[in-house]
Amino acid sequence: MASGDRIRVEVGDRELDLSNLDKVLYPASGFTKGEVIDYYTRVAPVLLPHLRDRALTRIRYPNGVDQQFFFEKNAPASTPDWVRTERLPAPGSTKNREKIDYVVADDLPTLVWLANLAALELHTPQWRIGTHPDLMVVDLDPGRPAGLRECCGVALLLRERLAADGLVSQPKTSGKKGMQLCCPISAGQSAEVVSDYARRIAEELERTAPKSITSKMARNLRPGKVFIDWSQNNAAKTTVAPYSLRAEPQPFVSTPLTWTEVEAAADGDARAVRPFTAAEVLDRVDRYGDLMADLVTPGPALPT
């Protein structure tokens, strides 16, 4: 049932009003809001397990990626009553709120509702509601002229070092210029313990390869190096979810990778690891399934 530029659809057992489906949100490629909704609907089977039970921060681009955007943590006033919300402490709130009513995207109707709000980017903390962190995330941020090739080289070093402590790491692109490694861990340690461990590993690798790696946040130290950002494990931080769109000129996606691809990129194959578009990611899901499926299973405790 359509009315003007609105259309009512059934998603699961919910009815949703979708609007402005022809609005272009990625002007450089002509990618529309309808295509955003279609992408999130099709990728939902592999995306939703990574969102489930996590407080969701959205970055909304109501007029497209080249226009004004805003971060949204609190559930908007128009949130349907069937959308799950959780009132949780809000460390680092810019509005000094002690608690926020977060949206939790546990199902497809919620995901479609968010996509209709032009919530292009979906970011989650490293912990599930009511628990300590069950993920450790290390962000690899290249300072020009370093790029994804250099990130892949550092990722391989990190994989080996983390494996020595019994940790299994999964790589993904950020959807922008860098990448991340994600490790499932036991949910029995605080964010401070996880962050301290990630920092120790980053500093250790910096000492091993000081010309190509930095563990320090100062931007003037980053040119030509890969910054290992251990601070992603702070309780107030979030990381872009696997399979989330990014606000780039093209509809690039934070894309899970195989280690074979990372090795090839480190050896100079520029096509092995690069920004992947929404259409390419859907093809990859058909081929590989969810390369990060193991992240939803708890891993080992970190060494202290």
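Further up the page is the structure itself.
Note that the structure is a prediction, hence the values are computed from the model and not measured. (Residues numbered from 1 in each chain as written. Predicted model: local features only at pLDDT ≥ 70, side-chain atom pairs only at ≥ 80, totals over all residues. Heavy atoms only, no water.)

1. Regarding the pairing of strand β2 (residues 6–11)
Part 1: Direction of pairing for β2 relative to strand β3 (residues 14–19): antiparallel, over a ladder of six bridges. Note that in β3 the partner of Arg8 across the bridge is Asp17.
Part 2: What sits between the antiparallel neighbours β2 and β3 is a turn of two residues, in which Gly12 has the positive phi angle 60 degrees. (Pairing = 2+ DSSP bridges. Helix = DSSP H or I, 4+ residues; strand = E, 2+ residues; numbered from the N terminus.)

2. Describing empty space enclosed by the protein
In this approach the atoms are scanned with a rolling probe the size of a water molecule, which exposes any empty space left behind.
Part 1: Applying the stated criterion across every chain yields a total of three cavities of 30 Å³ or more.
Part 2: Within this model, the largest cavity holds a volume of roughly 130 Å³.
Part 3: Considering the residues around the largest cavity, the lining is formed by 16 residues, among which Thr124, Gln126, Leu135, Pro242 and Leu295 are closest to the centre.
Part 4: If you list the elements that add at least two residues to the lining of the largest cavity, you get α1 (33–51), β11 (135–142) and β16 (239–240).
Part 5: Of the residues contributing to the lining of the largest cavity, the split by class is nine nonpolar, four polar and three charged.
Part 6: If you go around the second largest cavity, you meet eleven residues; those closest to its centre are Lys73, Tyr102, Trp127, Ala236 and Thr238. (1 Å grid on protein atoms, 1.4 Å probe; cavity = no way out; pocket = protein on both sides within 12 Å on 5 of 7 lines; lining within 4 Å. Points joined across faces, edges and corners; volume = space filled by probe spheres on them. Nonpolar A, V, L, I, M, F, W, Y, C, P; charged D, E, K, R; others polar.)

3. Considering the nonpolar core
Part 1: Counting residues in hydrophobic clusters, the biggest one holds 78 residues, and the most contacted among them are Tyr39, Tyr40, Met136 and Leu140.
Part 2: By residue number, the principal contributor to this core is α1, which donates ten residues.
Part 3: Dropping the residues within four chain positions of it, Tyr40 is found in contact with Leu47, Leu111, Ala115, Ala119, Leu120, Leu122, Tyr243, Ser244 and Leu245.
Part 4: If you look at the next biggest cluster of nonpolar residues, it comprises eight residues, including Leu88, Ala90, Ile100 and Ile129. (Core = buried A, V, L, I, M, F, W, Y, C linked by side-chain atoms within 4.5 Å. Buried < 20%, exposed > 50% of the residue type's maximum accessible area, 1.4 Å probe, protein only. Contact = heavy atoms within 4.5 Å.)

4. Structural notes on the sheet that holds strand β10 (residues 119–124)
Part 1: The four strands are arranged β7-β6-β10-β16 in an open sheet whose pairing can be described as antiparallel. Both outer strands of the open sheet, β7 (70–72) and β16, are each paired with one neighbouring strand and no more.
Part 2: Two elements, β10 and β16, share two bridges in a ladder whose sense is antiparallel. In the sheet register, His123 faces β16, and the bridge partner there is Val240.

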